[in-house]
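Examination of the molecular architecture
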Amino acid sequence: MNMQNELVTRFYRYVQIPSQSHSNGGTLVPSTESQWDIAHQLQHELEELGLTDINLSDKCVLTAKLPAHLPQGEIKTIPSVGFCTHMDTVDVCLSPVVHPQTIQSYDGGDIILNREKNIVMTAKDHPELAKYTGQDLIVTDGTSVLGADNKAAVANVITALATLVHDPSIYHGDIYVAFVPDEECGLYGSKNMDFSKFPVDFAYTIDSCELGEVVYETFNAGSATITIHGVSAHPMSAKGVLVNPTLIAVDFINMFDRKETPECTDGKDGYIWCQEVHSNQSTATVHLNIRDHHKDLYEEKKRRIAENVKKLQAANPRAVIECTISDVYGNIADAITDDNRKAIDYIYDAMKELDITPKTIAMRGGTDGSFISTKGILTPNYFTGGMNFHSRYEFLPIPSLVKSYEMTMKLIHLIYTGK
C-alpha cells in the first residue's frame, strides 16, 4: 500500500467511528461515550506498533511514547517533541455518523453530496473549490461534518508513527503523542492531560485548515456568567415590588459596545460576545465570551465586565447579581521564548524544503495548543489541509492531506538533525 492510500484508509477508518462531543461545561470528560470507541481503536493501533508508555486515562486522554532511534554509537542531545490531536468531532446539529465519499479528479463543477436529499455543494457558493480542480477530494454525504477536523491529523500522526517504526533508516529523537477528547467543546481533553506523560520540549497540533496555514498566535479566551436574581410578583400588585431580571439582563448587555462583537471585528481585534441569555420571572443568566490576542486588552475586557456588574448592582439594589469570570485558554505567542522559538522556525524550514507557501494567520480562535502552551510547552499549529470545518460542506483534498503528513515527517527529521 502506498503512503497516500495508507493515509486515506486510516482517515476513512477513523471518521466512520462516531465521536461527536457535546458541550457540558466540562462537568463530564469525555462528554460522550462514543469518544471511548476511537480512543480504544487508537490504543490498539499504538500497541500493535510497539509504542511504549501507552496510557488511556479515566478522562479518555491517550498518550504514548516512541523512543528515540539513533545510529549505533551516536550520542547527541535531541529535543523531545510531542504531537497532539483531538479525537472528537464538532456538534453543529448534524448527524454524528459520517459517510465519507471520494470525488475522483474534481472537474470544477457542482458536487452532488446527496442525490436523495438534494444536497449539493455548488461551485458558485463555494469558490474555494476552484483551486482544487483536478484533485481527488474527500467529501461528506451532506448529513454530517466530514471530521477532517481533526481526524485528518489523527491519520497523519498514526501514519507517521507507522513509517518510523517500519523504516529503521529514519532516525529521530523521543516522540510523544497525545490524543485528546472534547477539544470542540472547550479544550477539556488537553485540560485533563497528565503532563508527566507528555514530557516534551515543545509540541505541535495539526488543527487548522488549508495547505500552508501556520498558527502561533491565538486568542486569549475567557468566559463570564452573570446571574441576576430578581423579585417576582403578580402584575396587579407589582408596582414597587417586581424586580424584572430579564430587563436588567437587557440593560447589562446594552452596557457594552455594539461594535465590539464577532460580527463587527476581524484580524487581531478582540470582542465581548453575548452568546446566550436565559431568563424567566425570577432569574436571568447571561453568558459572555471574552476574546483578545493582546493580553492587556483581554484583561481590560475582564475588568470592564466586572465594573459593569457593579454598576448594574448599584442601579438595581433589590436584585442579587452574581458574576463569575474564568480563563479558558491563552495566546500561544505568549509562551514563545528564545529557548523554544526554534519550534516555530522548524515549521517554516520544513515548508521551505517541501516547497509549501506559508500562510501565517493570527487565529480568531484557539487550539489544544493554546492551553498546552500555558503550561510552558510551546505548541504551534500547522495545517491538516481540510476546508470548511464545522460544516456539511467540509472537504479534504487528498494531496493536501499527503503534504500535511510530509510536514510531520520533515519536522521530525529537522528536529533530529538540529538544522
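In what follows, the structure referred to is the one given above.
Below or above, wherever it landed, is the structure these notes cover. Treat the numbers as computed from the prediction; the structure is a model and nothing was measured. Here the residue numbering is sequential within each chain, running from 1 through the sequence in written order. Reporting in this predicted model follows two pLDDT cut-offs: at least 70 for local features of residues, and 80 or more for side-chain atom pairs to be given and counted; totals over whole chains, interfaces and linings ignore these cut-offs and use all residues. Neither water nor hydrogens contribute to the side-chain values; these are computed over all heavy atoms in the structure.

Description of the pairing of strand β9 (residues 202–208)
The element β9 is extensively covered by neighbouring structure, given that seven of its seven residues are classed as buried. Whether two strands pair comes down to DSSP finding at least two bridges between them. Counting from the N terminus, the helices are the DSSP runs of H or I reaching at least four residues and the strands are the DSSP runs of E reaching at least two. Note that strand β3 (residues 81–86) and β9 share four bridges and pair parallel. The residue of β9 that forms the bridge with Gly82 is Ala203. Taken together, the two bridges between β9 and strand β16 (residues 381–383) define a ladder with parallel strand orientation. From the neighbouring strand, Ser208 faces β16, where its bridge partner is Phe383. Here's how the labels work: a residue is buried when its accessible area is under 20% of the maximum for its type, exposed when over 50%, partly exposed in between, all with a 1.4 Å probe on protein chains only.

Focus: the pattern of salt bridges
Take a side-chain nitrogen of Lys or Arg and a carboxyl oxygen of Asp or Glu: if they are within 4 Å of each other, that pair is a salt bridge. Counted under the stated rule, the structure contains 17 salt bridges. Linking Arg13 and Glu45 is a salt bridge whose minimum nitrogen-to-oxygen distance equals 2.9 Å. Pair noted here: Arg13 is in helix α1 (residues 3–15) and Glu45 is in helix α2 (residues 34–49), with a separation of 32 residues, a long-range link. Taking relative accessible area as the criterion, Glu45 reaches 7% and is therefore assigned buried. Several salt bridges share partner residues, and in doing so they unite Glu260, Asp292, Glu300, Lys301 and Arg304 into one network.

Comments concerning the sheet that holds strand β12 (residues 271–279)
An order of β12-β13-β11-β14 is seen for the four strands of this open sheet, with the pairing classed as antiparallel. At either margin of the open sheet sits one strand with a lone partner, and together these are β12 and β14 (320–329). Sheet twist, expressed as the mean angle between neighbouring strand axes with direction ignored, is 15 degrees. One ladder, built from nine bridges, connects strand β11 (residues 220–229) with β14; its direction is antiparallel. Residue pairing in the sheet places Thr225 in a bridge with Thr324 of β14. Its contacts with the sheet place helix α4 (residues 245–253) against β11, β12, β13 (283–292) and β14, and it is angled at close to 15 degrees to β13. Whether two residues are in contact is decided by their heavy atoms: any pair within 4.5 Å suffices. Angles here are taken between N-to-C directions and fall from 0 to 180 degrees, while the axes themselves are lines fitted to C-alpha atoms, restricted in helices to the stretch in contact. The strands touched by helix α5 (residues 295–315) are β11, β12, β13 and β14; relative to β14, the strand with the most contacts, the crossing angle is about 170 degrees.

A short note on the sheet that holds strand β7 (residues 137–139)
Reading across from one edge, β4-β7-β17 is the order of the three strands in this open sheet, with antiparallel pairing throughout. Each edge of the open sheet carries a strand with a single partner, namely β4 (101–103) and β17 (395–397). Mean inter-strand twist for the sheet, computed between neighbouring axes without regard to direction, equals 25 degrees. Pairing geometry for β4 and β7, over three bridges, is antiparallel. Counted as the bridge partner of Ile103 is Leu137 from β7. Relative to the sheet, helix α8 (residues 398–417) contacts β4, β7 and β17, its axis offset from that of β17 by approximately 70 degrees.

Overview of the nonpolar core
To form a nonpolar core, buried Ala, Val, Leu, Ile, Met, Phe, Trp, Tyr and Cys residues must be joined to one another through side-chain atoms within 4.5 Å. One finds Phe11, Leu42, Phe83, Leu161, Phe179, Tyr204 and Met407 to be the most contacted residues of the largest nonpolar core, which totals 70 residues. Once residues within four sequence positions are removed from consideration, Leu42 is found in contact with Tyr14, Leu62, Met87, Val154, Ile158 and Phe179. Ile226, Phe252, Ala284 and Ile290 belong to the second-largest nonpolar core, a separate cluster that totals 19 residues.

A short note on the environment of Gln281
As for its placement among the helices and strands, Gln281 is situated in the loop between β12 and β13. For Gln281, a relative accessible area of 60% corresponds to the exposed category. Once the C-alpha coordinates of Gln281 and Thr246 are considered, the two residues, 35 residues apart in sequence, prove to be 7.5 Å apart. When neighbours within four sequence positions are excluded, Gln281 is seen to be in contact with Ser232, Val243 and Pro245.

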